[in-house]
Amino acid sequence: MKITIGLSSCGIASGAIEILEAIKAKFSSVEVKHVGCIGFCFLEPLMEIDDDMYGNLTPDKAIKIIDCHLNNLSLDEPQIDKATLLSVQERIVLRNCGIIDPESIEDYIGREGYQALAKARGMSPDEIISEVTKSGLRGRGGAGFPTGLKWSLAKKQEGSKYIICNADEGDPGAFMDRSVLEGDPHSVLEGMAIGGLAMGGDMGIVYVRAEYPLAIKRLKIAISAAEDKGLLGDFKIVIKEGAGAFVCGEETALIASIEGKRGMPRIRPPFPAVSGLFGRPTNINNVETWANIPWIINEGAEAFAKIGTEGSKGTKVFCLAGKIEQTGLVEVPMGISLKDVVFGLGGGIKNGKRFKAIQIGGPSGGCIPEELLQTKVDYDSLTKVGAIMGSGGMVIVDETTCMVDVARFFLNFTQNESCGKCTFCRIGTKRMLEILTRITEGKGEPKDIDLLIELAEKIKVASLCGLGQTAPNPILTTLRYFRDEYETHIKEKRCPSLACRNLLIYSIDQSLCTGCMLCAKKCPAHAIFGEKKMPHKIDYEKCTKCGLCASLCKENAIKVR
Amino acid sequence: MTDFTKIDEILSSFEDKSCLIPILQRLQEEYGYLSIQVLKRIEEKTGMSGAEIFGVVTFYAQFRLKPQGKNMIKVCHGTACHVSGAEKIEESLRQELAVKGDEPTEDGLFSLEKIACLGCCALAPVIMINKKCYGKLEQKGIKRVLSEYK
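Cut-offs and rules
- Residues numbered from 1 in each chain as written.
- Chains lettered and ligands numbered in written order.
- Predicted model: local features only at pLDDT ≥ 70, side-chain atom pairs only at ≥ 80, totals over all residues.
- Heavy atoms only, no water.
- Domains from an automatic or database assignment.
- Patch = residues over 30% accessible without salt bridge, like charges linked within 9 Å, V, L, I, M, F, W, Y side chains within 5 Å.
- Areas by Shrake-Rupley, 256 points an atom, 1.4 Å probe, with all protein chains shown as cover.
- Salt bridge = Lys/Arg side-chain N within 4 Å of Asp/Glu carboxyl O.
- Helix = DSSP H or I, 4+ residues; strand = E, 2+ residues; numbered from the N terminus.
- Buried < 20%, exposed > 50% of the residue type's maximum accessible area, 1.4 Å probe, protein only.
- Pairing = 2+ DSSP bridges.
- Axes fitted to C-alpha atoms, helices over the stretch in contact; angles between N-to-C directions.
- Contact = heavy atoms within 4.5 Å.
- Disulfide = S-S within 2.5 Å.
- Phe/Tyr/Trp six-rings, centres within 6.5 Å; stacked < 30°, edge-to-face > 60°.
- Lys NZ or Arg CZ within 6 Å of the ring centre and 35° of its normal.
- Core = buried A, V, L, I, M, F, W, Y, C linked by side-chain atoms within 4.5 Å.
- Arc of directions from axis to C-beta.
- Buried area = accessible area lost by both parts, 1.4 Å probe.
- Nonpolar A, V, L, I, M, F, W, Y, C, P; charged D, E, K, R; others polar.
- Lys, Arg positive; Asp, Glu negative; His and termini not counted.
- Charge placed at Lys NZ, Arg CZ, Asp CG, Glu CD.
- Polar contact = N/O pair within 3.5 Å; in protein donor to acceptor, adjacent residues only side chain to side chain.

Domain annotation of chain B identifies domain 1 (5-59) and domain 2 (71-147). Of note, the centres of domain 1 of chain B and domain 2 of chain B, computed from C-alpha atoms alone, are 29 Å apart.

Below you can see the structure in the form of structure tokens.
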């Protein structure tokens, strides 16, 4: 009997460790294999026994299931339909995630691990680069620059190159890089070593954000195991931990950060390929890009190029989060429609609510409305509708989410993360945030929309790096597709989604309130009053609109408008 | 703080200026925050200017210039958490612990900070206490989570 338990961050956060300990305590002879994340995060914690998968486990449930399997007893626990959940998926980057033990190099080797590197050693650098170029692989970090071309530019330079893996996954809503590093770290290391052969570099650096302690731990284990086995040859890999700055995802800022400086972008050219880390030629690719490389070398460029669309080859990993049933990680061929992602793989909207928008591409991306759900997921189609592929974070929002608030949220983010180097980004984002804040507080003026558009256009063209150039995208797309929401906030001082706190009014339905006093006791502002067993009332002067009463009321008597 | 042996030991384990961020990370791990004395010692020992060091410290969100509570609560404010009620979770935490801004609680048990994204979006809303994540939180579940640390 083979038992595996998913032990990535989401599994652990859902209680996988407690389950593991309970199993160990109960069945001392049973061996449990640890694996990374298979992507069904909404079902965590997960356990697989031979080919049967079970989710939403508790320690008791897990013990009962194992007991039934051991003793061939009948079991009424529902199994997860793994085949259906994986049916539309095509797994290249996630090929080993949830299958191998990320801390076991033998497991990785057992699944063709390090064979691509061995094969690459028999190829000339130009042959490797030509293979990557022919595959059509484009950078998975956001901008989508052709990887083969990037490599050939670095290779042309004199001297040894730095090979960097950008694992500073800062986009809120994206976690595929974390999952790959936690679930299959060797695939990234192997990709980097192949890059080193192709471009001529013996020094690899993984720049990983400090918020990912488990990924760092597994990377360290993987690096030392690969070195111990001598698999990486002369190629050295070290880890540099980021210190929490979104802008360090930008190549030149990342380089400055590794050099120990403030992570501020600089003007390009010179591009990092010419003059990068410590002035030496440097090539930077992101985690997902690197994880594709061994597969491409093993299976060949044609196999990769057969998947996807004309301009976007291969697969893409997407993180599904927000108001959908099946949150998690999926890897699909490029060109699939957004609708298939949200309603197929994502299982539709939670709690019977209505779909409103899909936010793709993080703070640089945009919000796509229902009428554009047929849009294909590839670099060019997404750009056409005003969003970007970005790193592949998709946050789905329903009718209870206010689009002005979403725009304000992203501007708050970019304004916080702006490094302050250029005026348009530093001050422009601040001004846009002020305008959005006053709109969500009911203090917006009719001229604000035009002012937002004017600022947005200027910030786009006058900012130095991608952060500033794309910061206005969330505003521009929400204005393009949800302008009526802005207008309702400004003209009627009302939030149609009941999300903007300052515009809400809470009241108690006198016919439903039983006077149980639960809300009155818990109200942090002491704003609810009334006699026991009699309908209560809210003191509007005191109410801070925190909404705790509505979440507590068993009679649904608290109304909000 | 007059005893610099520990700081000096840490500083001597790093090679050059490009190690400033790892140096700061290591020292913060040791002391919980970066005091002015610690920063001044780095200035003396490495020859980097105080302005340069302070510039790096204040640029990155990870570095703290004030002492923190025994347990650090990081409230995720990523997109998925935001649309799933992160503001309300933070508000409940602050009320429960009576913490304002980045000051630790009176008993020194907790500090609270906002985080841009913890990357556990599928379980939103999420908080992290020390290195442990808690997902699918509700306002009414806050007390139970905190009780693990009291």
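Residue and element names in this part refer to chain A. On the surface, F145, L149 and L153 cluster together to form a nonpolar patch covering roughly 240 Å² of accessible area. Within the element layout of this structure, F145 appears in the loop between α7 (125-135) and α8 (147-155). The class of F145 is partly exposed, set by a relative accessible area of 38%.

All names here are of chain A. Read from one edge to the other, the open sheet built from four strands follows the order β2-β1-β3-β4, with strand pairing classed as mixed. Each of the sheet's edge strands pairs with one partner strand only, and the pair in question is β2 (32-35) and β4 (52-54). For this sheet the average axis-to-axis angle between neighbouring strands, irrespective of direction, equals 25°. The pairing of strand β1 (residues 3-6) with strand β3 (residues 47-49) spans three bridges and is antiparallel. In the strand pairing of β3, I3 is matched with I49. Contacts between helix α2 (residues 16-26) and the sheet are confined to β1, β2 and β3, with β1 contributing the most and set at about 155° to the helix. Against the sheet, helix α3 (residues 59-70) engages β1, β3 and β4, with an angle of about 5° to β3.

This brings us to the state of the cysteines. Here, disulfide denotes a covalent bond that connects the sulfur atoms of two cysteines. Within this structure, the stated rule accounts for zero disulfides over all chains. C319 of chain A forms no disulfide, and the closest cysteine sulfur to it belongs to C121 of chain B, at a distance of 6.6 Å. The thiol of C402 of chain A is not disulfide-bonded; the next cysteine sulfur, from C500 of chain A, is found 3.7 Å away.

Glancing now at the packing of aromatic side chains. In total, this model carries ten aromatic pairs over all chains according to the counting rule given. When the ring of F409 of chain A is compared with that of F410 of chain A, the centres are 5.0 Å apart and the planes differ by 70°; the resulting orientation is edge-to-face. Exposure remark for F410 of chain A: the relative accessible area of 0% places this residue in the buried category. Ring geometry for Y60 of chain B and F63 of chain B: centres 6.3 Å apart, planes at 85°, overall edge-to-face. Exposure class is identical for Y60 of chain B and F63 of chain B. Each is buried. Following the ring pairs from residue to residue traces out a cluster consisting of F59, Y60 and F63 of chain B. Between the NZ or CZ atom of R138 of chain A and the centre of the ring of Y379 of chain A, over which it lies, the distance is 4.2 Å. Lying over the aromatic face of F318 of chain A, K316 of chain A brings its terminal NZ or CZ to 5.7 Å of the ring centre.

Before going further, it helps to spend a moment on the nonpolar core. Among the nonpolar cores identified, the biggest contains 114 residues, and W151, V188, M192, W290, M394 and I396 of chain A are the most heavily contacted of them. In this view, M394 of chain A contacts G173, F318, C319, L320, A321, L338, V341, I358, Q359, I360 and V377 of chain A; residues no more than four positions away in its chain are not counted. Formed by 40 residues, the second largest nonpolar core is a distinct cluster that contains I7, I21, M48 and F59 of chain B.

All right, on to helix α1 (residues 5-12) of chain B then. Residues and elements named next belong to chain B. All of the buried residues in α1 are I7, D8, I10 and L11. Here the buried residues of α1 occupy an arc of 160° about the axis, which is enough to place them on one side. Exposed side chains of α1 directed beyond 90 degrees from the buried face belong to T5 and S12. On its buried face, α1 sits against α2 (20-31) and α3 (36-46).

Moving on: the interface of chain B and chain A. On the side of chain A, 60 residues touch chain B, which itself brings 40 residues to the contact. The junction of chain B with chain A conceals about 3,600 Å² of combined surface from both sides, 58% of it contributed by carbon and sulfur atoms. Applying the counting rule to chain B against chain A returns two salt bridges. Across the pair R501 of chain A and E91 of chain B runs a salt bridge whose closest N-O atoms are separated by 2.6 Å. Of all the elements in the fold, those that place two or more residues in the side of chain B that touches chain A are α2, α4 (50-59), α5 (79-83), α6 (86-97) and β4 (132-134) of chain B. Across the side of chain B that touches chain A, the residue classes break down as 19 nonpolar, 14 polar and seven charged.

Residue and element names in this part refer to chain B. What the rule picks out here adds up to 37 salt bridges over all chains. Residue D102 pairs with K66 through a salt bridge whose shortest N-O separation is 3.2 Å. Remark: K66 occurs in the loop between α4 and β1 (71-76) and D102 occurs in the loop between α6 and β2 (110-115); sequence separation between them is 36 residues. When its relative accessible area of 46% is taken as the criterion, D102 is described as partly exposed. For K66, a relative accessible area of 38% gives the class partly exposed.

What follows deals with a positive patch on the surface. Taken together, the side chains of K521, K522, K532 and K533 of chain A together with K143 and K150 of chain B present a region of like positive charge at the surface. Along the chain, K522 of chain A falls in helix α23 (residues 518-522).

Moving on: the domain arrangement of chain A. Residue and element names in this part refer to chain A. Each assigned domain of chain A is listed with its residue range as follows: domain 1 (3-86), domain 2 (105-305), domain 3 (315-398), domain 4 (403-492) and domain 5 (505-560). Between the C-alpha centres of domain 3 and domain 4 the distance comes to 22 Å. Taken together, the contact between domain 3 and domain 4 spans 16 residues of the former and 15 residues of the latter. Taken over both partners, the interface formed by domain 3 and domain 4 buries close to 1,200 Å², and the fraction arising from carbon and sulfur atoms is 65%. For the domain 3 face of the interface with domain 4, the top three residues by lost area are K356, P363 and C367, together amounting to 45%. Its salt-bridge partner being E485, residue K356 comes within 2.8 Å of it at the nearest N-O pair. Counting across the domain 3 and domain 4 interface gives six residue pairs in polar contact (both at pLDDT 80 or more). Broken down by secondary-structure element, the contributors of at least two residues to the side of domain 3 that touches domain 4 are β11 (355-360) and β12 (366-369). Split by residue class, the side of domain 3 that touches domain 4 holds eight nonpolar, six polar and two charged.

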